[in-house]
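Next come the chains, spelled out residue by residue.
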Amino acid sequence: MLDYPALAALAAVVRCGSFDDAAARLGVTPSAVSQRIRNLEERIGTVLVIRTHPVTATDAGRRLVRHFEDVALLEAELAADLDETVPTNPATVRIALNADSLATWFLAALADVKGLSFELVVDDQDHAAEWLARGDVMAAVAASARPVRGCSAEALGVLRYVATASPGFRARWFGDGVTAEALARAPALRFNEKDALQHVWAMREVGRRVALSTHRIPSSHGFVEAARRGLGWGMNPELLVRDDIASGRLVAIGQTPALDVPLYWHTSNRVAKGLIALTRAVRNAAGAALAATPEASSP
């Protein structure tokens, strides 16, 4: 049998990144955490963590942490089935998702789920599923419809983006329309190095790839504010800029300003039963906020 207090210490160290923070989470001393992990390493016969700053797990360590968190989730589901009270330390579910989903509709789903603790990992929608493939999360909101091995995926809906800028910015840079030459000159906004939405929209709009000059704004709300202040143009979630467009603070640019990004809910089959309530809440929140996917709306 595995030593579950030791596994709890291992998981805390890996998730917190330090022995001191793990000790504070568990309510024990750092030396006690270190001793538990050392004993577990001796029992398993391999190193489980690399004692760097931050602490990182070895492959074996990651497998044990994943096992511990899976078991905790399934035990929480069992307790709910048996009508037991919610445990003092609820199971933690790690979820990867894009920043715009977090800023618009996803928190409504989490608010409807009781008895679980959530740890969110923010990554681009085109890369969120990679966290699930590595076993670093239990679920993900991603743009890919194809489930990774050992996982399932279902369509959630479409997150619509709109190419937007301030009225003054549009008049200055796009007075003669959105052309390849204008796009090459006008500053664009970009969330981070993985954000390709501006390039995808620009290529669709003018029919060829354009080298964009960009400001990096790694915040969904900061992205909108940067557009309001005329710092650049960008693809903003319609859910965040409806009021701005209605009031005239922002204006849509181009012939076809909207760009739809389908989103899918990916879950690990290992813990599918423990994620039933969360999946139901995610499905409901997405249904209330997102547009239907083309395949869902077709006859």
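What comes next concerns the included structure. Remember, it's a predicted structure, so these values are computed and weren't measured experimentally. (Residues numbered from 1 in each chain as written. Predicted model: local features only at pLDDT ≥ 70, side-chain atom pairs only at ≥ 80, totals over all residues. Heavy atoms only, no water.)

1. Looking at the overall build of the chain
In step 1: Helix and strand counts for the chain stand at 14 helices and 11 strands.
In step 2: Seen through its C-alpha atoms, the chain measures out along the principal axes to roughly 70 × 45 × 30 Å.
In step 3: Considering the chain as a whole, with its 299 residues, one finds that 45% of them fall into the buried category.
In step 4: Long-range contacts, defined here as pairs at least 24 residues apart, represent 74% of the contacts in the chain between residues at least 6 apart.
In step 5: Within the structure as shown, the chain displays about 14700 Å² of accessible surface, and the carbon and sulfur contribution to it stands at 52%. (Helix = DSSP H or I, 4+ residues; strand = E, 2+ residues; numbered from the N terminus. Buried < 20%, exposed > 50% of the residue type's maximum accessible area, 1.4 Å probe, protein only. Contact = heavy atoms within 4.5 Å. Areas by Shrake-Rupley, 256 points an atom, 1.4 Å probe, with all protein chains shown as cover.)

2. Observations regarding helix α3 (residues 30-44)
In step 1: In this model α3 runs 21 Å from its N-terminal to its C-terminal C-alpha over 15 residues, within 8% of the 21 Å that 1.5 Å per residue would give.
In step 2: Backbone geometry just downstream of α3 places Gly 45 in the positive-phi region, at approximately 90°. (Expected span 1.5 Å × (residues − 1).)

3. A closer look at the pairing of strand β6 (residues 151-165)
In step 1: When β6 meets strand β11 (residues 258-268), the two strands line up antiparallel, connected through 11 bridges. In the strand pairing of β11, Tyr 161 is matched with Leu 259.
In step 2: For β6 and strand β9 (residues 234-237), the ladder comprises four bridges, and the chain directions are antiparallel. Note that in β9 the partner of Val 162 across the bridge is Asn 236.
In step 3: Pairing between β6 and strand β10 (residues 251-252): two bridges, direction antiparallel. (Pairing = 2+ DSSP bridges.)

4. So, the pattern of salt bridges
In step 1: Inspection of the entire model under this criterion finds 15 salt bridges.
In step 2: Here Arg 51 ties to Glu 41 by a salt bridge, and the two come within 3.5 Å at their closest N and O atoms. One end of the pair, Arg 51, is in the loop between β1 (49-50) and β2 (56-57); the other, Glu 41, is in helix α3, and 10 residues separate them in sequence.
In step 3: Judged by relative accessible area, which is 41%, Arg 51 ranks as partly exposed.
In step 4: One salt bridge in this structure joins Asp 260 and Arg 160, with 2.7 Å as the shortest N-O distance. (Salt bridge = Lys/Arg side-chain N within 4 Å of Asp/Glu carboxyl O.)

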